[in-house]
Amino acid sequence: MFWTKVKRVIKSGFVSFWRNGYVSLASVLVMTVTLSVIAALIFIGAMLQSTLSGIKEKVDVNVYFVTTAPEDQIFSLENSIKSQPEVASVSYISREQALNNFRGKHSSDQLTLQALDELNDNPLGASLNIKAKDPSQYESIANFVETKASAISPSSSIIDKINYSENKAAIDALNRIIDSSSKIGLILGIFFVLISILITFNTIRLAIYISREEISVMRLVGASNMFIRGPFVTAGLMYGIISALVTLILLYPITFGFGPLTERLGTGLNLFSYYISHLWQISLVIIGAGLFLGTVSSFLAVKKYLKV
Amino acid sequence: MIYFDKVSKIYADNSVALEDVSFNVEPKEFISVVGQSGAGKTTLIKMILAEELPTSGSVFFESTNVHNFRRGEINKYRRRIGTVFQDFRLLPDKTAYENIAFAMEAAGRSEEEIAADVPHVLELVDLGRKIWNFPHQLSGGEKQRVAIARAIVNQPDLIIADEPTGNLDPVNTYDVVQILKKINDLGTTVILTTHNKGVIDSLEKRVITLEHGKIIRDDKSGKYIL
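These numbers come from a predicted model, not from an experiment.

Things to note about the overall build of chain A
And step 1. Within chain A, the secondary structure is distributed over 11 helices and four strands.
And step 2. What you see for chain A is a C-alpha radius of gyration of 32 Å, clearly larger than the 19 Å of a compact globule of 308 residues, by over 25%.
And step 3. Projected onto the principal axes, the alpha-carbon positions of chain A cover approximately 105 × 40 × 35 Å.
And step 4. Burial status across chain A gives 30% buried among its 308 residues.
And step 5. In chain A, 85% of the contacts between residues at least 6 apart in sequence involve partners at least 24 apart.

A few points about the overall build of chain B
And step 1. Within chain B, the secondary structure is distributed over seven helices and 10 strands.
And step 2. Against the globule reference of 17 Å for 226 residues, chain B gives a C-alpha radius of gyration of 17 Å, in line with a compact fold.
And step 3. Overall, the C-alpha framework of chain B stretches about 45 × 40 × 35 Å when taken along its three principal axes.
And step 4. Buried positions account for 44% of the 226 residues belonging to chain B.
And step 5. Pairs at least 24 residues apart make up 65% of the contacts formed inside chain B by residues separated by at least 6 positions.

Here we look at the sheet that holds strand β8 (residues 189-194) of chain B
Residues and elements named next belong to chain B.
And step 1. On the basis of which strands lie adjacent, the open sheet formed by six strands has the order β6-β7-β8-β3-β9-β10 and mixed pairing. Unpaired on one side and paired on the other, β6 (81-85) and β10 (214-219) mark the two borders of the sheet. With direction set aside, neighbouring strand axes in the sheet form an average angle of 15°.
And step 2. The pairing of β6 with strand β7 (residues 158-162) spans five bridges and is classified as parallel. Paired with Val84 across the strands is Ala161, a residue of β7.

Let's talk about the interface of chain A and chain B
And step 1. Chain A puts 14 residues into the contact, and the matching count from chain B is 15 residues.
And step 2. Put simply, the parts of the chain that give the side of chain A that touches chain B at least two residues each are α1 (2-19) and α8 (212-221) of chain A.
And step 3. When residues of the side of chain A that touches chain B are assigned to their parent elements, the largest contribution, four residues, is made by α8(A).
And step 4. Within the side of chain A that touches chain B, the residues separate by chemical class into seven nonpolar, four polar and three charged.

Quick notes on the sheet that holds strand β5 (residues 64-65) of chain B
Residues and elements named next belong to chain B.
And step 1. Judged by pairing direction, the sheet is antiparallel, and its four strands sit side by side in the order β2-β1-β4-β5 without closing on themselves. The sheet terminates laterally at β2 (16-25) and β5, the two strands that pair on one side only.
And step 2. Where strand β4 (residues 56-61) meets β5, two bridges bridge the pair, whose relative direction is antiparallel. Residue pairing across strands places Phe61 opposite Thr64, the latter belonging to β5.

Some words on the nonpolar core
When a protein is soluble and globular, its nonpolar side chains tend to lie buried together.
And step 1. One finds Ile100(B), Ile148(B), Ala149(B), Ile159(B) and Leu180(B) to be the most contacted residues of the largest nonpolar core, which totals 105 residues.
And step 2. In terms of residues, this core owes the most to one element, helix α9 (residues 225-267) of chain A, which gives nine residues.
And step 3. Each residue touching Leu180(B), except ones within four places of it in the same chain, is listed here: Ile159(B), Ala161(B), Val190(B) and Leu192(B).
And step 4. Listed in part, the 19 residues of the second largest apolar core include Val61(A), Phe65(A), Ala126(A) and Ala132(A).

With respect to the pairing of β4(B)
All names here are of chain B.
And step 1. Strand direction decides the pairing type here: strand β1 (residues 2-10) and β4, joined by five bridges, are antiparallel. Directly across from Ser8, in β4, lies its bridge partner Ser56.
And step 2. Connecting β4 to the antiparallel partner β5 that follows it, the hairpin turn spans two residues, and Glu62 within it adopts a positive phi of roughly 45°.

Let's talk about unusual backbone geometry
All names here are of chain B.
And step 1. The backbone of Lys28 sits at a positive phi, close to 70°, despite the residue not being glycine.
And step 2. Considering the arrangement of structural elements, one finds Lys28 in the loop between β2 and β3 (30-34).
And step 3. A positive phi is found at Asp126, a non-glycine position, where the angle reads about 65°.
And step 4. Tracing the backbone shows Asp126 in the loop between α4 (111-124) and α5 (140-152).

Digging into the confidence of the model for chain B
Any residue range with low pLDDT should be treated as having predicted coordinates unsuitable for detailed reading.
And step 1. In this model, chain B carries an average pLDDT of 90, and 100% of its residues clear a pLDDT of 70 or more.
And step 2. In the predicted complex, the global pTM is 0.73; the interface-specific ipTM is 0.79.

Here is what the cut-offs are and how they apply
Residues numbered from 1 in each chain as written. Chains lettered and ligands numbered in written order. Predicted model: local features only at pLDDT ≥ 70, side-chain atom pairs only at ≥ 80, totals over all residues. Helix = DSSP H or I, 4+ residues; strand = E, 2+ residues; numbered from the N terminus. Rg over C-alpha atoms; globule rule 2.2 N^0.38 Å. Buried ≥ 20, exposed ≤ 12 C-beta atoms within 10 Å, placed from the backbone. Contact = placed C-beta atoms within 7 Å. Pairing = 2+ DSSP bridges. Axes fitted to C-alpha atoms, helices over the stretch in contact; angles between N-to-C directions. Nonpolar A, V, L, I, M, F, W, Y, C, P; charged D, E, K, R; others polar. Core = buried A, V, L, I, M, F, W, Y, C linked by C-beta atoms within 7 Å. pLDDT = per-residue confidence, 0-100.

See below:
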């Protein structure tokens, strides 16, 4: 009996979806807009993330050693820095490598190269390039390096300079930008999603408002609440699935068109390849949101007319 | 079968719809309730269907107070009553067949029963040819016949017809009344409200006359007198 009822409810939902073509079309369109807003939010989040991590990549701290600093002391310092949890990576640039880099950079500048050849010794010191997991941690890393270096070599400092203090202002400014842009992005996103959910909810409410007379007739014929509500929830479910599919299909040409543009804008992210590589996750979110919106709004909207 | 015990209904705006109404309906009886618009006929019907709560007094259906039913029980109770209204109240996006099938589905009948009974009952009200028409493709009289078919398909104990002929021409009015009479002859209790004098006079059944919410006359084989 239960399955007969479920079958009837689903069939009735399908039939009324089809027969109320315009109402269904309107609901699907509005819901497609809502789901597109959610998709846009995902993409904007990904672009913001990619842009910010691109900038973070470029921030680092260099520790320059004096030319007389012994390599074993530098290595022991390198190892203790590596063991710090907030450090992402440390790379060692030896004196020879620094010299090679310098020559490469100034390969067209004969005067400088000649001046360098006049010197008997390599004037450049070794250095450590440190990248933190989060830009806000550079200050503590710089402090750590200083105290550690003086512990390793108490008599004479092996460190020539740490360029953190020079970059401090830039790093602080960057921290603030990253922090506020993700906050603003989140607030704006939630705001837009809320508005579009409300619009969807109202559209479905209107669609069911049209049927309020029918609901009262069903009550009088002695239909149970589940039997009245079922077809509306089924139709809501169908609005959700169809708009989710429409949204996902529309995203294909849209991201394809905007992909190269977003990459050129310096986000370091091609929207199209992001969409393709995250297709499963995005589909899951969009279809899930569609199903949730469709069923919950129909369920709540019918409730109002079930009181008779 | 149905017993009204000193039922009064006063709406929120202090208008009195029913005042101290008591009467008894026997099984297999055919009762007409007459009165001018606003006399309280529709309120009386809503009381029986448990759509409205009385301000005081109680309504009994076979010794059960209908206003004490819980939600799930109301559905089962309403399936024992067939209703026909002046405005037909068909489901607009369902065909004649589906409208009747819906009432059977709601009552939990099997697909075989539905497939057998729906054409039969449509034949009974002489609508066999328009089985797949939607309500907007039917005339008033045809719509009312679908509504009657829907009301009787679950073999209810009671048929309530609230001004069923109000929107019909004399020929269709005559047909509808004949169908109701036939249903009553087959053993179903019928409560009919109307203000059609011709209908009442031709029936020669019991007539309850309402005026300003009170019963002013209850005749065994009445005429329409106001």
